[in-house]
Amino acid sequence: MAGQWVLAIDQGTTSSRAIVFDRAGRVVASAQEEHRQVMPRPGWVEHDPLEIWGNVREVAERALASAEASAVDGAEPEACPIAAVGVANQRETAVVWDKTTGRPVHNAIVWQDTRTLGIVTELAGGDLSAGGDRYRDRTGLPLSTYFAGPKVKWILDNVPGARADAEAGKLLFGTIDTWLIWNLTGGVDGGVHVTDVTNASRTLMMDLRALAWDDAIVADLGIPPSMLPAIASSSQVYGLTRVDGLPTGVPVAGDLGDQQAAAFGQAAFTPGAAKNTYGT
C-alpha cells in the first residue's frame, strides 16, 4: 500500500521525538532524543538550533528504521512508505540564521527567556501595567518577554553584524517549525521559508483578523520584513523533503504549535472547550 505511514515530528522544549503512525492512527514506531539547555545567565535560556536539527534527523531515521524492521506483512519494503510529514513544535522560541550558509547567528532564544524585559517595557511606554495592552487588539497578546518578536529584536541589536546582514536580506527568522521545515525542504538549496497561523500568532507580530504580519508592529520592533516567513495554513503541502537520511519527495504537509496541536488532538473543536497539557 503506497504511503502507508505518516511521520510526525514533535520538537519540544527538552527533547525531539519522531513518531510513525499507520493509516488507522496507530503508533508503529517512535524515537526520542534530549537536547542541551543553555543558560548563560539567570533568566536566559537558549537552545542550539543545529543540535535540534541534528536530533530531529536522527530520531526520524531511527523511527523509520524501527517501523520498517517491525513490518509483519511479509511484503517487500516500499520505495517510500511515508505519505506525509507533519511538525509540532515549542512555539515562541526564536531562531535567526544566514540563508546562504544555513548557520544560526546566535543560539535560539527559548520561550521562557526573560532577557527582553527592557524591550517590552520600552514598547509599553515605560510601564507594562499601563501600556502592556498596546498590541492586544491586533495580536490578542499582551506585551511580554514570552513572545518571539522581541527576541528577534534582541538578536539584531546585540549580535555583531546581525542588523546589517538582516537589512541586506541575508538573514531569516523563524520559530522552530520554520527552522525545521526550511531544513527538511532543502535548506540553503531552496528550502521553504514558512510558518503557520498558530506559530505566527505567538510572535506578537501577526494581525489575528488578517492572518498576516502587522507592518506597524514589525516596524516598531525594527525587524526587516524580508526576514519573516510566509504565513500559511496549518494543513497544506509546504514543500517536499530533500534531506540526506530521509526519503526524498515526501510532502511536508502539517505545521502546528504544540499547544494548538494538543488541543486539536484532544478534539477541542467547539467554542468553550478547554484542555490542560502537562509538558515541560
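Residues numbered from 1 in each chain as written. Predicted model: local features only at pLDDT ≥ 70, side-chain atom pairs only at ≥ 80, totals over all residues. Heavy atoms only, no water.

Caption draft 1: Focus on the nonpolar core. Ranked by size, the top nonpolar core spans 35 residues in total, and within it L7 and L180 carry the most contacts. Ranked by the residues each element gives to this core, the list is headed by helix α1 (residues 49–70), at 8 residues. Residues contacting L180, with those up to four places away along its chain left out, are I9, Q11, I52, W53, V56 and V87. Counting residues in hydrophobic clusters, the runner-up holds 33 residues, among them W44, L141, A148 and I155. (Core = buried A, V, L, I, M, F, W, Y, C linked by side-chain atoms within 4.5 Å. Buried < 20%, exposed > 50% of the residue type's maximum accessible area, 1.4 Å probe, protein only. Helix = DSSP H or I, 4+ residues; strand = E, 2+ residues; numbered from the N terminus. Contact = heavy atoms within 4.5 Å.)

Caption draft 2: The sheet that holds strand β5 (residues 82–89), seen in detail. Read across the open sheet, the 6 strands follow the order β3-β2-β1-β5-β14-β13; overall the sheet is mixed. The sheet is open, and its two borders are formed by β3 (27–34) and β13 (239–240), each paired with just one other strand. Note that strand β1 (residues 5–11) and β5 share 7 bridges and pair parallel. If you follow L7 over to β5, its bridge partner there is V85. Here helix α7 (residues 176–184) sits on the sheet and contacts β1, β5, β13 and β14 (251–257); the angle it forms with β5, its principal contact strand, is near 150 degrees. The strands touched by helix α10 (residues 258–265) are β5 and β14; relative to β14, the strand with the most contacts, the crossing angle is about 100 degrees. (Pairing = 2+ DSSP bridges. Axes fitted to C-alpha atoms, helices over the stretch in contact; angles between N-to-C directions.)

Caption draft 3: Inspection of the pairing of β5 at higher detail. Within β5, 7 of the 8 residues are buried, which leaves the element mostly enclosed by the surrounding structure. In the sheet, β5 pairs with β14 via 5 bridges, with the strands oriented parallel. Of the residues in β14, the one forming a bridge with G86 is G254.

Caption draft 4: Fine view of the pattern of salt bridges. For the structure shown, the criterion picks out 19 salt bridges. What emerges from the salt-bridge pattern is a single network uniting R91, E92, R202 and D258. (Salt bridge = Lys/Arg side-chain N within 4 Å of Asp/Glu carboxyl O.)

Caption draft 5: Summary view of unusual backbone geometry. For L204, which is not a glycine, the phi torsion comes out positive at approximately 75 degrees. Tracing the backbone through its elements, the reader meets L204 in the loop between α8 (197–200) and β10 (206–207). For L204, a relative accessible area of 0% translates into the label buried. Here A267, not a glycine, exhibits a phi torsion of approximately 65 degrees, which is positive. Secondary-structure assignment places A267 in the segment after α10. Residue class for A267 comes out partly exposed when judged on its relative accessible area of 47%.

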